[in-house]
Amino acid sequence: MSEKLRVAVLGAKGRMGTAATAALDAADDLELVAALGRHDSLDILIQRQVDVVVDLTVPDATEANVHFALRHGMHAVVGTTGWDASRLAALAELLTHTPKSGVLIAPNFALGSVLATRFAAQAARYFESVEIVELHHPRKVDAPSGTALRTAELLAAARQDAGVPAAPDATEGGLDGARGANVHGIPVHSVRLAGLVAHQEVLLGSHGEALTIRHDSFNHESFMPGVLLGVRTVTGRPGLTVGLDGYLDLEG
Ligand code: NAP
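Residues numbered from 1 in each chain as written. Predicted model: local features only at pLDDT ≥ 70, side-chain atom pairs only at ≥ 80, totals over all residues. Heavy atoms only, no water.

Enquirer: Quick one: what's the story with helix H5 (residues 111-123), residue by residue and with numbers?
Expert: Here H5 contains 13 residues, and its C-alpha end-to-end distance of 18 Å stays within 8% of the 18 Å for a straight helix at 1.5 Å per residue. Where H5 is buried, its residues meet helix H6 (146-161), strand S9 (198-206) and strand S10 (209-217). (Helix = DSSP H or I, 4+ residues; strand = E, 2+ residues; numbered from the N terminus. Expected span 1.5 Å × (residues − 1). Contact = heavy atoms within 4.5 Å.)

Here you go:
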């Protein structure tokens, strides 16, 4: 029988970390060997001979955590937001020195969210206008969400490839923020509301019709099938993968 993968969770006491430790504990083929919080030394990862680090911490900590894991021959599955272009470039550079390691940066582990983004990217070229509304719990520290940024990036690329002109918008003035954040030319609106978890709508419109593609995560368990898929796949995928869709067969 093959040995179980040795997995560590960083940010283990947080909302995502709590759900991830439970999911890993319940997985027969994986062994949770470390569950670390803010004040724990990363050296524990070396001592416990961790294969895969799951980072569910905060934007300020995630980059150092992942670099540490790579420098010590581990793989990383990352759900924490804050991975902008410059951080991704530095990570890709580090990976050239650690070619056996794999890293998955997953802005959203919910399979339904990944599918919703894919469907929206497929639809984006057929509509004049597109806007994104993302809605989250009020404890979220970043806005827009990583998922919304990634969705906007993919929609903008699909529209550019198809030669779709900029969406019509006659707005000349108004209050700052009224038209949302401009992400690659797509307005993104962030709502923070008590009672919500993680939700997103992509609104597509043309003359006489509109299409709304909505996904809802109602609790943190919704992210766990994606976390487990990431852990089980990352060791066989050296290099950098951004987006869980990179581990799914969505072409069929
Ligand atoms: P959370 O409840 O605030 O948990 C974050 C945890 O990280 C806290 O327990 C915190 O400890 C800990 N932490 C802070 N700095 C750390 C460090 N240097 N080392 C280890 N642990 C550290 O947040 P959450 O809702 O679980 O979300 C965690 C991250 O995942 C956020 O970036 C969030 O946006 C992201 N997220 C991703 C997805 C996805 O599908 N990819 C879904 C939901 C959320 P203290 O309690 O001591 O501060």
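Enquirer: Can you explain the site of the ligand? Please cite residues and give values.
Expert: Lining the immediate surroundings of the ligand are 20 residues, of which Arg 15, Met 16, Arg 38, Ala 106 and Phe 109 lie closest. In the environment of the ligand, a nitrogen atom lies 3.2 Å from a nitrogen or oxygen atom belonging to the backbone of Gly 79. (Near = heavy atom within 4 Å. Polar contact = N/O pair within 3.5 Å; in protein donor to acceptor, adjacent residues only side chain to side chain.)

Enquirer: Any details on the nonpolar core? Residues and values, ideally.
Expert: Formed by 31 residues in total, the largest nonpolar core has its most connected members in Leu 30, Val 54, Val 77, Phe 109, Met 224 and Val 231. Counting only elements with at least two residues in this core, the list comes to strand S1 (5-10), helix H1 (15-26), strand S3 (52-55) and helix H7 (224-234). Mapped onto the domain boundaries, this core takes at least three residues apiece from domain 1 (5-105 + 220-247) and domain 2 (111-217). If sequence neighbours within four positions are ignored, Val 231 has contacts with Leu 5, Val 7, Leu 30, Val 52, Val 54 and Val 77. Among the nonpolar cores identified, the runner-up in size contains 18 residues, and Phe 127, Ile 132, Ala 152 and Val 202 belong to it. (Core = buried A, V, L, I, M, F, W, Y, C linked by side-chain atoms within 4.5 Å. Buried < 20%, exposed > 50% of the residue type's maximum accessible area, 1.4 Å probe, protein only. Domains from an automatic or database assignment.)

Enquirer: I'd like a description of the pairing of strand S2 (residues 30-36), backed by residues and values.
Expert: Of the strand pairs in this sheet, S1 and S2 are connected by six bridges, and their pairing is parallel. Paired with Val 7 across the strands is Leu 32, a residue of S2. Note that the unit made of S1, H1 and S2 has a crossover that is right-handed. (Pairing = 2+ DSSP bridges. Right-handed = clockwise from strand over helix to strand, strands pointing away.)

Enquirer: Go over the pattern of salt bridges with me, naming the residues and quoting the values.
Expert: Under the counting rule described, the total for this entry stands at ten salt bridges. Asp 142 is the partner of Lys 140 in a salt bridge, and the nearest nitrogen-oxygen pair spans 3.2 Å. Residue classification places Asp 142 among the buried residues on the basis of a relative accessible area of 18%. Close ionic contact of Asp 245 with Arg 150 constitutes a salt bridge, the shortest N to O distance being 3.8 Å. Here Asp 245 is found in the segment after strand S11 (239-242), whereas its partner Arg 150 is found in helix H6, with 95 residues between them in sequence. Assessed through its relative accessible area of 17%, Arg 150 is described here as buried. Within the structure, one salt-bridge network assembled from shared partners comprises Glu 131, Asp 169 and Arg 179. (Salt bridge = Lys/Arg side-chain N within 4 Å of Asp/Glu carboxyl O.)

Enquirer: Tell me about the domain arrangement of the chain, residues and numbers included.
Expert: Split into domains, the chain comes out as domain 1 (5-105 + 220-247) and domain 2 (111-217). Look at where the C-alpha atoms of domain 1 and domain 2 centre, and you get two points 27 Å apart. Opposite the twelve residues of domain 1 that make contact, domain 2 presents 13 residues. In total, about 920 Å² of surface goes out of reach between domain 1 and domain 2, with carbon and sulfur atoms giving 60% of it. The largest per-residue losses of area from domain 1 upon contact with domain 2 belong to Arg 15, Thr 81 and Asp 245, which jointly make up 45% of the total buried on that side. Where domain 1 touches domain 2, the interface holds one salt bridge. (Buried area = accessible area lost by both parts, 1.4 Å probe.)

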